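# Structural characterization, general
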Amino acid sequence: MSFYLFLSCSFFLFIRCQPRDEIVECNDKKLNQSQLNAMTGHEQEQLAKTILYEYNINLTTLAYITSSSEFESQLYLNDTNRKRFMEKNYEIYRNCLKIIATVARQFEKVYENTNSSLYWLFLRTQAIGDAGENDPIIKFQLQKFKSHIKEIYHRKFIWNNTKIGIDEVQEILGRLNSSDDLLSLWNATYEVAAPMRDYYPTLIAIQNQQAIQNRTNEKSDTPANLEERRMVEQLWQELKPLYELIHAYLRQQMARMYPDLIQFDQPIPVHLTKDLFGLMMTYLERDILPFPNINGIDLGPTMKRKNFTEENIFRYADEFFVSLNLTRVPDSFWNLSVFKKIPNHHMACHPTAFDLYKYDDVRIRMCTSVTSRDFYVVHHEMGHIQHYLQYNHLPFWFRRSPHGGFGEGIGDAIALATMSPAHLKRVGLLENYTSTKEDNIKFLVSQGLSRLFLPPYAYALDIWRWSVYNGSIQPFEYNKRYWDLICQYQGMKPPTPRNERYFDAGTKLHVAFDLSYIKYFLAHVFQFQIFDVLCREAGHQGPLHLCDLHGSIAAGKKLKILLGLGSSKPWEDILEEFAGVRTFSAQSCLKYFQPLRDYLEELVAKGELKVGWKCESNQSSRKQINIYSLIYLLFLFSKFSFH
């Protein structure tokens, strides 16, 4: 019946996909709307399945070619030909997504039937972001301003007679000890983003104009975003007391290292954390962990003693998944990935996992160092790779995470599992380790320093972005309000006063590349929720932080549920199938760190730890700020025309 129906409808359905420079283009389907409307819902659904099946093949090919060109372009940042080729591929890819979304909307009886087997797939075809922009002027302006800002981010600068980029700074910061050197490199790095402020307000204005055309007030004003903010605020209130304790501990220990630079009631100068944004304190651990007479967990020396290469770390991660009866990465992964910085090469170094959509082609690009920090990062990125391998049987539209917090949370949960003392001891990377109360506290402090400082930063950063989009933060106060929020939530401050010449938020890749960061907040909470579920499945008893998942087929089977469904269902449904609940929860995180919280609260009770900080407030009048904002916007309007 459905095959006959398809043939009978062929006179008003024109299907053609032709190769063009090795690219398969998705052509519009010439549907006769009146005859389409005359079909029953079942008939529409059968026709839609045929069309989407073909589009799935085309999109998969397009995604493969586009992702391949992106991977190559990021290895050769100075190669303009590769960049142009990538942009051309993306334009064809985005156009295909737009065409499919338009065609799908014509199947009204399917699109409006929530019981249809295609209903969720149809909704996914509409989730196309900028690809849905029909106004060619706005599309051109978006691409132009985004390209300008990305180019600024990738600019090299000279420090200590060496040419480096923002992505290469972190490893150098970690090796420095002098506060003067830390300040010098921090200042030089944050100088890079300053020119972005000439473009950013106009980019925001264009995106808000686009949002209005898409029937929202501004880019961040959607029901999903508003619900996500409510959820994040609730989670933050649960996490905040624990964070304030670990912040107080860090500040107290750092004050011993830098007594003239840190006060006990003030925010921490961020450059002294040896992390560009104060997110992970792994480079400080040797100097600030408690019980110095007890050996802590520092994998760097052990790995170097065992002659580890960068690739060895990735192979350890691969073996962990195999022990759970999950999928070993294909041979092509080892041949096509880039695990370390290519000498004398201007390449992107930000750790990134790539799904190329065909031939089981998955890759990682990372400038890896043989350290504890990168042991964690590698396992996180390999979590993404395993996610790609598990959902690669699904249609194109479902081959992604159902929620940003899922993909990142899965990677973080894997890293959490493989940093367990029991696991490290099992795989031969932790020797002579005992499990006394002091050992456990030392380990949990280390984990807290690695995992608890990102959530407040992520929340502060995206509050800043949301406020920029809705106009409550104006261009003239970009930098001041950014640091106000960093102080309020993270308890950090810049090493020296920063004025509005700078655009310090743009030093973060996710601002420069216009990517939401709040998913990392949710991921840092969700990782503990995932870990808790898997540990129960593995039959673990005892403190959560001592759970070892290695070799648990039951845990692997449970994890496969989370990985293999992709975005084929709403994220709440997938979470319920995996964990029995329909929302993110901070309770597993609090459970994991409960022994640490008890220890730190005991120090507070004894008067040995001071909690909290004071943020300086700029009392400039709102009227004066608005006047300067108007002047600044007029300047930008004269500099950048929309036409």
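Residues numbered from 1 in each chain as written. Predicted model: local features only at pLDDT ≥ 70, side-chain atom pairs only at ≥ 80, totals over all residues. Heavy atoms only, no water.

## Points about the packing of aromatic side chains
Counted under the stated rule, the structure contains 47 aromatic pairs. The interplanar angle of 25 degrees and the centroid separation of 5.9 Å between the aromatic rings of Tyr-200 and Trp-464 together place this pair among those described as stacked. Within this pair, whereas Tyr-200 is found in helix α10 (residues 200-213), its partner Trp-464 is found in helix α20 (residues 454-470), the two being separated by 264 residues in sequence. Classification of Tyr-200 as buried rests on a relative accessible area of 1%. Between Trp-236 and Tyr-243 the ring centres are 5.9 Å apart and the planes differ by 50 degrees, which places this aromatic pair in the tilted class. (Phe/Tyr/Trp six-rings, centres within 6.5 Å; stacked < 30°, edge-to-face > 60°. Helix = DSSP H or I, 4+ residues; strand = E, 2+ residues; numbered from the N terminus. Buried < 20%, exposed > 50% of the residue type's maximum accessible area, 1.4 Å probe, protein only.)

## A word on the pairing of strand β7 (residues 362-365)
Across the two faces of β7 the burial is the same, with Val-362 and Ile-364 and Arg-363 and Arg-365 all buried. Pairing analysis gives four bridges linking strand β6 (residues 352-355) to β7, with the strands arranged antiparallel. Considered in β7, the bridge of Thr-352 is made with Arg-365. Joining the antiparallel neighbours β6 and β7 is a turn of six residues, in which Tyr-357 adopts a positive phi near 75 degrees. (Pairing = 2+ DSSP bridges.)

## Considering the state of the cysteines
A full pass over the atoms with the stated rule returns three disulfides. In this model Cys-349 forms its disulfide with Cys-367; the gap between the sulfur atoms is 2.0 Å. Taking the torsion about the S-S bond as the criterion, the Cys-349 to Cys-367 disulfide, at about -70 degrees, is left-handed. Linking Cys-349 in the loop between α15 (331-336) and β6 with Cys-367 in the loop between β7 and α16 (372-390), this pair joins segments that are 18 residues apart in sequence. Comparing Cys-349 with Cys-367 shows no difference in burial state: the two are buried. Note that Cys-535 is cross-linked by a disulfide to Cys-547, the S-S spacing being 2.1 Å. (Disulfide = S-S within 2.5 Å.)

## Notes on the packing of α20 against helix α21 (residues 478-490)
Look at α20 against α21: their axes get within 8 Å of each other, and the N-to-C directions meet at 145 degrees. Considering only the axes of α20 and α21, their crossing is right-handed. Along its contact with α20, which presents Pro-456, Tyr-457, Tyr-459, Ala-460, Leu-461, Ile-463, Trp-464 and Val-468, the element α21 presents Tyr-478, Arg-481, Tyr-482, Leu-485, Ile-486, Tyr-489 and Gln-490. Grouping the constituent residues of the contact of α20 with α21 by class yields 13 nonpolar, one polar and one charged. (Axes fitted to C-alpha atoms, helices over the stretch in contact; angles between N-to-C directions. Left-handed = near helix turned anticlockwise from the far one by under 90°. Contact = heavy atoms within 4.5 Å. Nonpolar A, V, L, I, M, F, W, Y, C, P; charged D, E, K, R; others polar.)

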